[in-house]
Amino acid sequence: MAGGERIFVQAIRRYCAEHGITVDVRADGWLIAMRRGEMRRFAFGYDIGLNSAIAHRLANDKSATAEALALEGVPCIAHHLFLNPKLGTQIAGTDWRERMLSLLAQNPQGVVVKPNEGTSGRAVFKVKTEAELDHAVGEVFSMSAGLVISPYVAIEDEVRVVLLDDAPIVVYSKQRGKDWRHNLDAGAKPVLLEEDDVRATCVKLAIDAAHAIGIAFASIDVVRVDGRWSVLEINSGVMMEALGKLHPELVQATYDAALDRVFAGNSDRGTGATLP
């Protein structure tokens, strides 16, 4: 990254330069204001502003995503929500630890404990014992208002599908390294998928998941466990830093297509504000 700037920020700068859009990068690149004529749009984090507020919130909440997908019959990995007991018993309840231990007992292969809102694979713990559970819960609750517990499953393959209005712009597998996780930040490598049955299956599942929460632009992770594909999570902020190092043209084209939609003049989508 030039000067330590994220590929996401570089892509927006390049698009704006080519389209006569004024760009103002604030907060070390985490807030970007874009203006063309009377139209102003914002990007925040990795969110480019195409999704509705409720779709964005659902996608950022692992438990809510799993519940919404289950309601629509979309295969997904279960995520059981537990709120931080520091919020009070009226919110977190009094039996939260007993419920956690029950989940651990139901899953002798282990469980995964992680923050309810995404952290790119950080603060994710594989747990098999009560002592490990207590440690993981303490770590996550020290930084988060809520955590989720999922059954540990042996993931055979993980694929990320980047969708824009149901079109699969990017589809790649995550080739795991020495770490048990498939997170790119943990050393996994992105490998683009060719057109085949696996790719078609993953794209169909990703589209079903996007429809379930009404999201327009997202990266959707699907996993194969025991030969069956399920949705792991949906990301409203589309981050392609690792992919951008290998396929910069593809990443730029993806953000370009999304930004074309942002500046198409649909000011009723919550993408920004039209200045008086």
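The structure this text deals with has already been given above.
Thresholds, definitions, all that
- Residues numbered from 1 in each chain as written.
- Predicted model: local features only at pLDDT ≥ 70, side-chain atom pairs only at ≥ 80, totals over all residues.
- Heavy atoms only, no water.
- Patch = residues over 30% accessible without salt bridge, like charges linked within 9 Å, V, L, I, M, F, W, Y side chains within 5 Å.
- Areas by Shrake-Rupley, 256 points an atom, 1.4 Å probe, with all protein chains shown as cover.
- Salt bridge = Lys/Arg side-chain N within 4 Å of Asp/Glu carboxyl O.
- Helix = DSSP H or I, 4+ residues; strand = E, 2+ residues; numbered from the N terminus.
- Buried < 20%, exposed > 50% of the residue type's maximum accessible area, 1.4 Å probe, protein only.
- Pairing = 2+ DSSP bridges.
- Phe/Tyr/Trp six-rings, centres within 6.5 Å; stacked < 30°, edge-to-face > 60°.
- Lys NZ or Arg CZ within 6 Å of the ring centre and 35° of its normal.
- Core = buried A, V, L, I, M, F, W, Y, C linked by side-chain atoms within 4.5 Å.
- Contact = heavy atoms within 4.5 Å.
- Axes fitted to C-alpha atoms, helices over the stretch in contact; angles between N-to-C directions.
- Polar contact = N/O pair within 3.5 Å; in protein donor to acceptor, adjacent residues only side chain to side chain.

**Q** Please clarify how a nonpolar patch on the surface should be interpreted in this entry.
**A** Residues L31, F42 and F44 make up a contiguous nonpolar surface patch of roughly 290 Å² in combined accessible area. Its place among the elements puts F44 in strand β3 (residues 39-44).

**Q** It is not clear to me how the pairing of strand β11 (residues 217-225) should be interpreted in this structure. Could you clarify?
**A** Residues in a regular strand point their side chains to alternate faces of the sheet. Judged by how many residues are buried, β11 sits mostly within the fold: eight of nine residues are covered. Inspection of the sheet shows strand β8 (residues 157-164) paired to β11 by eight bridges, in the antiparallel sense. When the sheet's bridge partners are listed, D157 is paired in β11 with R224. Pairing of β11 with strand β12 (residues 228-235), which is carried by seven bridges, proceeds in the antiparallel orientation. Residue pairing in the sheet places V225 in a bridge with R228 of β12. Here β11 hands over to β12 after two residues, with D226 in that stretch at a positive phi of 55 degrees.

**Q** Whenever I open this one, the packing of aromatic side chains confuses me. Can you help?
**A** To describe a pair of aromatic rings, one takes the distance between the centres and the angle between the planes. All chains considered together, the criterion is met by five aromatic pairs. Aromatic pair W30 and Y46: ring centres 5.9 Å apart, planes at 85 degrees, arrangement edge-to-face. With a gap of 16 residues between them, W30 in the loop between β1 (22-26) and β2 (31-36) and Y46 in the loop between β3 and α2 (53-60) connect regions that are remote in the sequence. Residue classification places Y46 among the buried residues on the basis of a relative accessible area of 14%. Following the ring pairs from residue to residue traces out a cluster consisting of F8, W30, Y46 and Y255. Here the basic side chain of R6 rests over the ring of W30, its NZ or CZ set 3.8 Å away from the ring centre. Positioned over the ring face of Y46 is R6, at 4.5 Å from the centre of the ring.

**Q** Explanation requested: the nonpolar core in the structure shown.
**A** Soluble globular proteins tend to pack their nonpolar side chains together in the buried interior. Counting residues in hydrophobic clusters, the biggest one holds 29 residues, and the most contacted among them are F8, M34 and I48. Within the residue set of this core, elements represented by two or more residues are α1 (7-18), β2, β3, β8, β9 (167-175) and α9 (248-262). Tallying contributions element by element places α1 first for this core, with seven residues. Beyond its immediate stretch of four places on either side in the chain, F8 contacts I32, A43, G45, Y46, D47, I48, V238, E241 and Y255. V161, L205, V222 and V231 belong to the second largest nonpolar core, which has 24 residues in total.

**Q** Before we go on, may I ask you to explain the side chain of Q252 in this structure?
**A** By secondary structure assignment, the location of Q252 is in helix α9. With a relative accessible area of 12%, Q252 lands in the buried category. In this structure Q252 touches A11, R14 and Y15, once residues within four positions along its chain are discounted.

**Q** I keep staring at the sheet that holds strand β4 (residues 80-83) and nothing clicks. Help me out?
**A** Within a sheet, each strand pairs with its neighbour through backbone hydrogen bonds, oriented either parallel or antiparallel. Strand order in the open sheet formed by four strands is β4-β7-β5-β6, and the pairing between neighbours is antiparallel. The sheet is open, and its two borders are formed by β4 and β6 (125-127), each paired with just one other strand. Across the sheet, the mean angle separating the axes of adjacent strands is 25 degrees when strand polarity is ignored. Bridge count between strand β5 (residues 111-115) and β6: three bridges; the pairing is antiparallel. Bridge pairing links V113 to F125 in β6.

**Q** Explain helix α3 (residues 62-71) here, please?
**A** Owing to its 3.6 residues per turn, the α-helix aligns residues three or four sequence positions apart on the same side. Buried residues of α3: K62, S63, T65, A66, A68 and L69, and no others. For α3, the secondary structure elements touched by its buried residues are α2, β4, β5, β7 (146-151), α7 (197-213) and β12. Near the N-terminus of α3, the side chain that reaches the backbone nitrogen of S63, with its oxygen 3.2 Å away, is that of D61. A positive backbone phi angle near 75 degrees is found at G73, which sits one or two residues after α3.

**Q** Which parts of the structure should I look at to understand the side chain of N235?
**A** With respect to the secondary-structure elements, N235 resides in strand β12. The exposure class assigned to N235 is buried, which follows from its relative accessible area of 17%. Excluding anything up to four places from it in sequence, N235 contacts R160, A218, S219 and D221.

**Q** Help me understand the pattern of salt bridges in this model?
**A** Pairing is possible between side chains that carry opposite charge, provided their charged atoms lie close to one another. Tallying each qualifying case throughout the model produces 13 salt bridges. In this structure, the salt-bridge partner of E130 is R97, at a minimum N-O distance of 2.7 Å. With E130 in helix α6 (residues 130-141) and R97 in helix α5 (residues 96-106), this pair connects stretches of sequence that are 33 residues apart. Exposure remark for R97: the relative accessible area of 27% places this residue in the partly exposed category. As a salt-bridge pair, D134 and R97 come within 2.9 Å of each other at their nearest N and O atoms. Of the two residues, D134 is situated in helix α6 and R97 in helix α5; the sequence distance between them amounts to 37 residues.

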